[in-house]
Amino acid sequence: MSRSRTESDEVDSATVLSALGNKYSAEILCAAGTPKSAQALSEDVEIPIATCYRRIEELVDAGLLTCEGRRLSEKGRRTNIYRRTLDEIEIDFSDDAPECSKKRRTEAKNRLQDQLDD
């Protein structure tokens, strides 16, 4: 699986648009507002787990999703936990090439969301 990106990593707009253009990517990002495993995302979006893993890898490569760590699953296996890195994205098509601007999620917002979900 691909590495997680930090906020300082730059990802070109074409990579972001390519990842967002794939079927189910937007649904996965919506479902990943709170930390979830690939299995949970697959169930939430109602897609096969193999498809979910492919989309997760593309979204991580584009810097739109991050692996927050690992947890034990209900079956006692270690599983990666993912969360989206942004809440909003704007795409500007006015120049020769599209430009993306993202509103990143803050750690404070993530912590608050985690507290509300507990």
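Residues numbered from 1 in each chain as written. Predicted model: local features only at pLDDT ≥ 70, side-chain atom pairs only at ≥ 80, totals over all residues. Heavy atoms only, no water.

K.L.:
Talk me through the pattern of salt bridges; I want residue IDs and the actual numbers.
P.N.:
Using the criterion set out here, one finds four salt bridges in the structure. Of the charged contacts in the structure, one is a salt bridge between Lys 36 and Asp 44, with a shortest N-O distance of 2.6 Å. Arg 84 serves as the salt-bridge partner of Asp 87, at 3.3 Å between the closest nitrogen and oxygen. (Salt bridge = Lys/Arg side-chain N within 4 Å of Asp/Glu carboxyl O.)

K.L.:
Can you explain the layout of surface pockets? Please cite residues and give values.
P.N.:
For the largest pocket, the calculated volume is near 420 Å³. Looking at the largest pocket, it is lined by 15 residues, and the ones nearest its centre are Ser 37, Gln 39, Ser 73, Glu 74 and Thr 79. When contributions to the lining of the largest pocket are tallied by element, the ones reaching two or more residues are helix 3 (38-45), helix 4 (49-61) and strand 3 (78-84). When residues in the lining of the largest pocket are grouped by element, the largest group, four residues, is from helix 3. In terms of residue class, the lining of the largest pocket is made up of six nonpolar, four polar and five charged. (1 Å grid on protein atoms, 1.4 Å probe; cavity = no way out; pocket = protein on both sides within 12 Å on 5 of 7 lines; lining within 4 Å. Points joined across faces, edges and corners; volume = space filled by probe spheres on them. Helix = DSSP H or I, 4+ residues; strand = E, 2+ residues; numbered from the N terminus. Nonpolar A, V, L, I, M, F, W, Y, C, P; charged D, E, K, R; others polar.)

K.L.:
Lay out helix 4 in plain terms, naming residues and giving numbers.
P.N.:
In a regular helix each residue adds 1.5 Å, so 13 residues correspond to 18 Å; helix 4 covers 18 Å between its end C-alpha atoms and thus fits that length. Residues of helix 4 that are buried include every one of Thr 51, Cys 52, Arg 55, Ile 56, Leu 59 and Val 60, and no others. Looking straight down helix 4, one finds its buried side chains confined to an arc of 165 degrees; they lie on one side. Taken together, the buried residues of helix 4 touch helix 1 (13-21), helix 2 (25-31), helix 3, strand 2 (65-72) and strand 3. (Expected span 1.5 Å × (residues − 1). Buried < 20%, exposed > 50% of the residue type's maximum accessible area, 1.4 Å probe, protein only. Arc of directions from axis to C-beta. Contact = heavy atoms within 4.5 Å.)

K.L.:
Give a detailed account of the sheet that holds strand 1 (residues 36-37), specifying residues and quantitative values.
P.N.:
With antiparallel pairing, the three strands of this open sheet are ordered in space as 1-3-2. Of all strands in the sheet, those with a lone pairing partner are strand 1 and strand 2, marking the two edges. Note that strand 2 and strand 3 share seven bridges and pair antiparallel. Across the sheet, Cys 67 pairs through a bridge with Tyr 82, a residue of strand 3. (Pairing = 2+ DSSP bridges.)

K.L.:
Please set out the packing of helix 3 against helix 4 residue by residue, giving values where relevant.
P.N.:
Interhelical geometry of helix 3 versus helix 4 gives an angle of 110 degrees and a closest axis separation of 9 Å. Judged by the inter-axis angle, helix 3 sits roughly perpendicular to helix 4. Between helix 3 and helix 4 the crossing geometry is right-handed. Contact residues: helix 3 offers Ala 38, Gln 39, Leu 41 and Ser 42, while helix 4 offers Ile 49, Cys 52, Tyr 53 and Ile 56. The class makeup of the residues in the contact of helix 3 with helix 4 is six nonpolar, two polar and no charged. (Axes fitted to C-alpha atoms, helices over the stretch in contact; angles between N-to-C directions. Parallel < 35°, antiparallel > 145°, perpendicular 65-115°, else oblique. Left-handed = near helix turned anticlockwise from the far one by under 90°.)

K.L.:
How would you summarise the nonpolar core if you had to cite specific residues and measurements?
P.N.:
Judged by nonpolar contacts, the single largest core of 21 residues is most densely connected at Ile 28, Leu 41, Ile 56, Leu 59, Leu 64, Leu 65 and Tyr 82. At the level of elements, helix 1, helix 2, helix 3 and helix 4 are the ones that each hand at least two residues to this core. Per element, the largest residue contribution to this core is four residues, and it comes from helix 4. (Core = buried A, V, L, I, M, F, W, Y, C linked by side-chain atoms within 4.5 Å.)

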